[in-house]
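The primary structure of each chain is shown beneath.
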Amino acid sequence: MEIRSITDAAVLNNGVRMPWLGLGVFQVADGEEVRNAVRWAIEEGYRSIDTAAGYRNETGVGQAIRESGVPREELFITTKLANSDQGYESTLRAFEESRRKLGVDYIDLYLIHWPGRDKYKETWRAFEKLYTEGYIRAIGVSNFQIHHLESLKETSGIIPAVNQVEFHPLLTQKELLAYCKREGIQLEAWSPIMKGNLDLPVLKELAAKYGKTPAQIVLRWDLQLGVVTIPKSVRRERIAENADIFDFELSEEDIRAIDALNKDHRFGPHPDEFLF
């Protein structure tokens, strides 16, 4: 897969273009910290920013977007519905709150943050309404397993454009990745660099081979697997470093070596157990 620039984008199942690389802002404090991170990312060429109602920093993200000077239509803004707001009417209200905090007329990608217990089909109906009315350019889900996606397909008229899940060398989720590719759902990786747990011999060997850091190796692996990736950082040098992954390509052999690191290990909760 030829991905050679930070401006390159995946084409979602509705034709919308989504940048392969974005900035995640999970656990980034609202105010100066998130404003700086978003500002630096945009200055480094990032055009995709991923936040969530549950991160409690949509206001700061919105402020940084407005201050960036980059036209709104050149940016790709993702936010997510908090599980406490799942349900039809509550989703519509929560979406308006997110839109107000971000200070935008529309959201590029709106995600159900977690499948939760039993409301995601009702929630998805509200997503479909917002999408068909033009308030969202693409709708998707986060942390959905195959059985959740199959269940959603039974009653929904619109297939999710994106499924954002924990995905990294210790949790390669090959079955889910293959399923999403078959169904036309773009897989997106959260926690791609494993919360900094990169001290693995294979990654260090490949970093030396390609003249890159272990984090850059992992992010390039994501892209070559066809997975959108959103590494989080609040340090300008690391934000720039994470974007310096477009001037090399991993060999098929090296991709397989990273794949072989899988241990089905999660740093976050399992979606089937995170029922709230």
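Our subject is the structure that appears above.
Here's what I pulled together on the structure shown here. (Residues numbered from 1 in each chain as written. Predicted model: local features only at pLDDT ≥ 70, side-chain atom pairs only at ≥ 80, totals over all residues. Heavy atoms only, no water.)

A short note on the layout of surface pockets
- Approximately 670 Å³ is the volume attributed to the largest pocket.
- Per-class residue counts for the lining of the largest pocket are 16 nonpolar, 10 polar and 7 charged. (1 Å grid on protein atoms, 1.4 Å probe; cavity = no way out; pocket = protein on both sides within 12 Å on 5 of 7 lines; lining within 4 Å. Points joined across faces, edges and corners; volume = space filled by probe spheres on them. Nonpolar A, V, L, I, M, F, W, Y, C, P; charged D, E, K, R; others polar.)

Section: helix α6 (residues 174-183)
- Every buried residue of α6 is listed here: Leu-176, Leu-177, Tyr-179 and Cys-180. Seen from one end, α6 has its buried residues packed into an arc of 165°, which puts them on one side. Facing away from the buried surface of α6 by more than 90 degrees, the exposed residues are Glu-175, Lys-181 and Arg-182.
- Positive backbone phi, approximately 75°, marks Gly-184, located one or two places after α6. (Buried < 20%, exposed > 50% of the residue type's maximum accessible area, 1.4 Å probe, protein only. Helix = DSSP H or I, 4+ residues; strand = E, 2+ residues; numbered from the N terminus. Arc of directions from axis to C-beta.)

Some thoughts on empty space enclosed by the protein
- Evaluation of the coordinates by the stated rule reveals 1 cavity of 30 Å³ or more.
- Reported here for the largest cavity is a volume of approximately 50 Å³.
- In this structure, the largest cavity is lined by Leu-149, Leu-152, Lys-153, Ile-159, Pro-160, Tyr-179, Glu-183 and Ile-185.
- Considering each element in turn, the lining of the largest cavity owes the most residues, 3 residues, to helix α5 (residues 146-155).
- Split into classes, the residues belonging to the lining of the largest cavity amount to 6 nonpolar, no polar and 2 charged.

Concerning the packing of helix α2 (residues 58-68) against helix α3 (residues 88-102)
- One way to put it is that α2 packs onto α3 with a least axis distance of 7 Å and a crossing angle of 45°. Compared by their axis directions, α2 and α3 come out oblique. The segment α2 lies against α3, with Glu-58, Thr-59, Val-61, Gly-62 and Arg-66 engaging Ser-98, Lys-101 and Leu-102.
- Here the residues of the contact of α2 with α3 are counted per class, giving 2 nonpolar, 3 polar and 3 charged. (Axes fitted to C-alpha atoms, helices over the stretch in contact; angles between N-to-C directions. Parallel < 35°, antiparallel > 145°, perpendicular 65-115°, else oblique. Contact = heavy atoms within 4.5 Å.)

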